[in-house]
Each structure stands twice: as C-alpha cells, then as structure tokens.
Amino acid sequence: MKNDVLYMKQAIELAYKGKGKTSPNPMVGAVIVKNGKVIGKGYHSAYGKPHAEIEAINSVKGNIDNSEIYITLEPCNIHGKTPPCINTIEKIKFKRIIIGIKDPNPKVNGNSIKYLKEKGFDVTVGVLKKEIKEINPYYSYFMKHKKTFIIMKAAQTVNGYIAKKGDGKQYLSCEESIISVHKMRFNTDAILVGAGTINIDNPILDTRFHSKDFKPPIIILDFSNKLDYSRDIFKDTKRYKYVFLSEKFKKNIKNVKKVEHIFIKEKWNAWEIIKNEFRSKNIISVLIEGGSGVFTDVLKNNSVNELVLFTVPLIFNEGIRITNNIGDTVKIKIKSSERSGKDIITRYKCSQA
C-alpha cells in the first residue's frame, strides 16, 4: 500500500501537466512500474490526443509484461476522439492495475473496472481517492448535467462591502487569501469579469502565485460597449478572450487578436450561453471575479453553483455591496468555512443551479 501511494502521487503530478488543455475531458496521469522501477509515464496532454494510460504504455522501452499500471481515473471503454483504452490495456499482461477513482461519466462509471476484472486482471480501486477527486472538481457536474459549473468569488468587509466608491483598484484580502484565489483560478477553465473591472482595475487575472504556466481564458461582459481595449489583458496576444456585447454594436466592432465577440439581445442571454454552450469551447468551469453589476446579474439569473466569500477584518462606513441581500436573491447553504490568514473563507452551495 505504501508503494501504491508513492506511485499514485506521481500519476497525480503528471495529470496536472494537462491543465488548461484537456477540458471538457478530465486531466489524467498514469505510471507503469516493474520490479520497483518506473518504466513508463504518461498524461492526457490535450483534448483529442491519446489518453494517459496509452501515453504511458507507448513510453515503455522493453518488455512491459508483469508490470503494474497506476492510473488516476478509470480507463475509458467508449470510442470518442480516441479508441477505448481498455482495448489496449487488455492486450498487456499487467500484474496489477491500480485505479484512483471511477470515471463519473455514466457511460464508463465502473464498467471498465468490471470488464478488466472479468478478464482476470488484479484491479485495485481507491488509492488517494480524495486527492484525485480534487484534480477534476467540475468534471462530475459536467458529466451529469452537460452544463458549465459557475463559481462566484468576492471579498467583502465584515459589514458586507466589496469596495469603497470611487477608490479604483483595491485589494481587501490578505496575502494568504490572494494565493487561494490564484489556486481557484488554476482549478477553473476561465475567469469572468465585467468591463468595468477591466477598465478600472486593469487586472492581469493570472495564476502566478500558484502556477506561472497556466493563464486561463477571460470572459468579459461588456453589454454597453464601454470596454477599453488598451488595457493590459489585451496585450497578451496568446491568451483567448470572449467579449459579450449587445447586438446593436455588431457593425461597430473591430477585429482584435485573440478576441471573440459574442453578440446578445439581452444581458441574461450571456448566462444561458456560458452555462449551456461554452463546453464547445472546452470550458466547463468559470470563476466570476466581478464587479458588482456582474455579481448582481448572475445571482438574479440563478446561474451560480458555488459562492465563495472572503470576509476581511475591515469595516467601511459606505461603499459598494455585492447585492442588497444575497439570501433574498438566491438560496444558499454553507459548505465549509476556514481561516485564511486574517480572513475567513466561506463556501456556499447555491441550490438553484
């Protein structure tokens, strides 16, 4: 069991190498071990490319028989962009097959494990189960509902203000909380903000305090066509941006590199498109970071799955609130609460989404 944990940890590390490239498929890692030595490694590097276990098998030089394969997620038994992985696995005389968790995909869920056992393989399931579930936190929701999972994040004072009026860019959260936000960004496929946030705060919206390599796509709500395209986010020409605009501005928009304009009739159309159609853009999770107008709109449209509030030890006499009363706008239930430096992070489940 000690060795199982050791090699599965390596498979988990490999899985994260696919971050930002595999969605809507999950990130998966695989390690092949023979006589106590790692002889093969692989991970799902991008949507449509070979899966982790196939990459690991193909990386082996020499005789692979009587080896053990460690896979973070149950191998697939269906034909998608690639052939079923179990077709390749069953041709090899593996001594053991160690699987982290079952695949939440209802077409797979336990079927591959059952098949391999029926073929006579020694299959172990559940090694580092908790850690592996954290690799693809929104994949299960997507598999069940075929919708994008939306998280709303905001920092607020003890008396419920997210900013002072007219103060421009402000950081309410402590350093530990900022690091937590960067981890949240890393765990989602895209970040969403309003045009006001881009114009006023001029944010970079990256994950540099957690991972310098991953820069998620940006979704910007600019219904009134007030977005300033000279801001820093547009200087990164390798990073994709989606900008929502009213249809009445369709003839006035110029092409901007790595920017896709999406024209809508009403504001609520944006949430319908993001929730139901962005999987076609390989986005199945979105983190909303502001501002107040965006917060109010998404809550009123009942599109939030999870609300994360960072409460900081400050009191403002006046300022800007998320909305008048979240509890009146959306039904929420506390999932967890924890300290983050001087702040408190509270996670809520939104029942309507």
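Rules and cut-offs
- Residues numbered from 1 in each chain as written.
- Predicted model: local features only at pLDDT ≥ 70, side-chain atom pairs only at ≥ 80, totals over all residues.
- Heavy atoms only, no water.
- Pairing = 2+ DSSP bridges.
- Helix = DSSP H or I, 4+ residues; strand = E, 2+ residues; numbered from the N terminus.
- Axes fitted to C-alpha atoms, helices over the stretch in contact; angles between N-to-C directions.
- Contact = heavy atoms within 4.5 Å.
- Phe/Tyr/Trp six-rings, centres within 6.5 Å; stacked < 30°, edge-to-face > 60°.
- Buried < 20%, exposed > 50% of the residue type's maximum accessible area, 1.4 Å probe, protein only.
- Lys NZ or Arg CZ within 6 Å of the ring centre and 35° of its normal.

**Q** Could you give me a rundown of the sheet that holds strand 11 (residues 259–264), with the residues and numbers involved?
**A** Strand order across the open sheet formed by nine strands is 11-10-9-8-12-6-13-16-15, with mixed pairing between neighbours. At either end of the open sheet lies a strand with only one pairing partner, and these are strand 11 and strand 15 (332–340). If you compare each strand with its neighbour and ignore which way they point, the axes differ by 20° on average. Across six bridges, the pairing between strand 10 (residues 241–246) and strand 11 is parallel. Bridging from a neighbouring strand, leucine 245 pairs with phenylalanine 263 of strand 11. Against the sheet, helix 7 (residues 175–186) contacts strand 6 (149–157), strand 8 (190–194), strand 12 (285–290), strand 13 (306–312), strand 15 and strand 16 (343–350), and its axis sits at roughly 165° relative to strand 13.

**Q** Give a detailed account of the packing of aromatic side chains, specifying residues and quantitative values.
**A** If you walk through the whole model with that rule in mind, you get nine aromatic pairs. Residues tyrosine 7 and tyrosine 70 carry aromatic rings whose centres are separated by 5.4 Å and whose planes lie at 50° to one another, so their mutual orientation is tilted. Of this pair, tyrosine 7 sits in helix 1 (residues 2–15) while tyrosine 70 sits in strand 3 (residues 68–73), and the two are 63 residues apart along the sequence. Its relative accessible area of 8% is what places tyrosine 7 among the buried residues. Tyrosine 70 sits in the buried class, given a relative accessible area of 1%. With a centroid separation of 4.8 Å and 45° between ring planes, the pair formed by tyrosine 229 and phenylalanine 234 is classed as tilted. Since its relative accessible area comes to 8%, phenylalanine 234 is described here as buried. Three or more aromatic residues link up through ring pairs in this structure, and these residues are Tyr240, Tyr242, Phe244 and Phe278. Here the guanidinium or amino end of lysine 146 rests over the ring plane of phenylalanine 142, the centre of that ring lying 5.0 Å away.

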